[in-house]
Amino acid sequence: LTILSIALLWKDVAGFSAAPFRYTLAITSRDVKLSAVTPVGPFCPFRSKASTEAEVPMDDLSKEGPAFATAFARINLDLQMGNTPPKEQLLDVAEALKSSVSKWEAMTTTMGESVDFQTREYSKLTEAHLANYDENVDNMVLGLTWQADCLKAMAENTMPPMPPPGIDIEKMMEAAQNSTSTPSVAAMSTAERITGKPFSGDEPAFESPVVKQEFEELCRDHNNLIEFGSGYGNFDPVGKLYFLDEIEKIEERWDVFFARFTLMKAIDQKYVKQCNSFLESMNMNEDEYRKLLKQCHDLMRQEAESERNLM
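Residues numbered from 1 in each chain as written. Predicted model: local features only at pLDDT ≥ 70, side-chain atom pairs only at ≥ 80, totals over all residues. Heavy atoms only, no water.

A.B. asks: Explain the nonpolar core to me, please; I cannot follow it from the model alone.
C.D. replies: The tendency in soluble globular proteins is for nonpolar side chains to be buried as a group. Among the nonpolar cores identified, the biggest contains 40 residues, and F43, F199, W254, F257 and F261 are the most heavily contacted of them. Among the elements of the structure, α4 (117-131), α8 (209-228), α9 (237-263), α10 (269-281) and α11 (286-310) are those that each provide at least two residues to this core. If near-sequence neighbours (up to four positions away) are discounted, F199 is found in contact with F206, F215, W254, F257, F258, F261, A266, I267 and D268. Counting 24 residues, the second largest nonpolar core, distinct from the first, contains M111, Y122, V141 and L144. (Core = buried A, V, L, I, M, F, W, Y, C linked by side-chain atoms within 4.5 Å. Buried < 20%, exposed > 50% of the residue type's maximum accessible area, 1.4 Å probe, protein only. Helix = DSSP H or I, 4+ residues; strand = E, 2+ residues; numbered from the N terminus. Contact = heavy atoms within 4.5 Å.)

A.B. asks: When you look at the state of the cysteines in this model, what are you seeing that I'm missing?
C.D. replies: Disulfide: a covalent bond connecting the sulfur atoms of a pair of cysteines. Scanning all chains against the criterion turns up zero disulfides. Unpaired in this structure, C219 has its nearest cysteine sulfur neighbour in C44, at a distance of 9.6 Å. Accessibility expressed as a relative area gives 17% for C219, which makes it buried. (Disulfide = S-S within 2.5 Å.)

A.B. asks: Would you explain the environment of G65 in this entry?
C.D. replies: By the element assignment, G65 lies in helix α2 (residues 49-80). Residue G65 is classed as buried on the basis of its relative accessible area of 0%. C-alpha of G65 to C-alpha of S100: the two residues are 35 residues apart in sequence and 9.7 Å apart in space.

Structure representation (structure tokens):
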């Protein structure tokens, strides 16, 4: 979920109070229902080589989050006290923000063009997530680049630039005022990475040869599918649709398997805790996450259908 955290992080960072320079993206509050998530989508424990490599720039960007939060908090405090933030501080933050946004844009573009299914899935998940808030990557980049330019103008005591086309400041300000809760930068930065596994294999249920065999077959089939998906971008449209069908079948099998262990309260508590931490940091519950994953796969289906119609 790192790429989603980054997207929300920019939203939260962009919401600092800076009088005429304010640029706010709001997220509607929710009642968060916490529970373990089946290991599908970004929670999948079976990783392709390409998606593992993509984590490096994701991690680098995530590490920049707390520093931005601190820098914007200082700027905001100065403005609230009627003071002009130091010129050097404003210029440094503006330059760092532009650099990070540029890296984020390049990363999302690269992931969206990857032939690997899992990597492309991450990109589409971000696209679907932003679309739920009437946003997209291009608008995020435009808005945050504009904000950096506003900070530079403040430092140099010049007029701020006009907002770029497509950036509706009044709409965003109104949405921000109507929002009672937004994801926390601190929460997202400290959320645990999913390193635990849903089952240790020592649970009493695994004493049954049938359960053990079912689990091993499910893990093997899921892992093989992820490996096969490393060439997803090279599949013809029908092949892509078939692959998405197989992914959904795996998800259904995990749902059935998880349901048994949930009733027995036998899911590993470390895994549950990490899932909860991530979902809470994203201001999502399990149902919303699964709905988002469905939207992501629907986007991929639409792309495949569009390719088929061109043939």
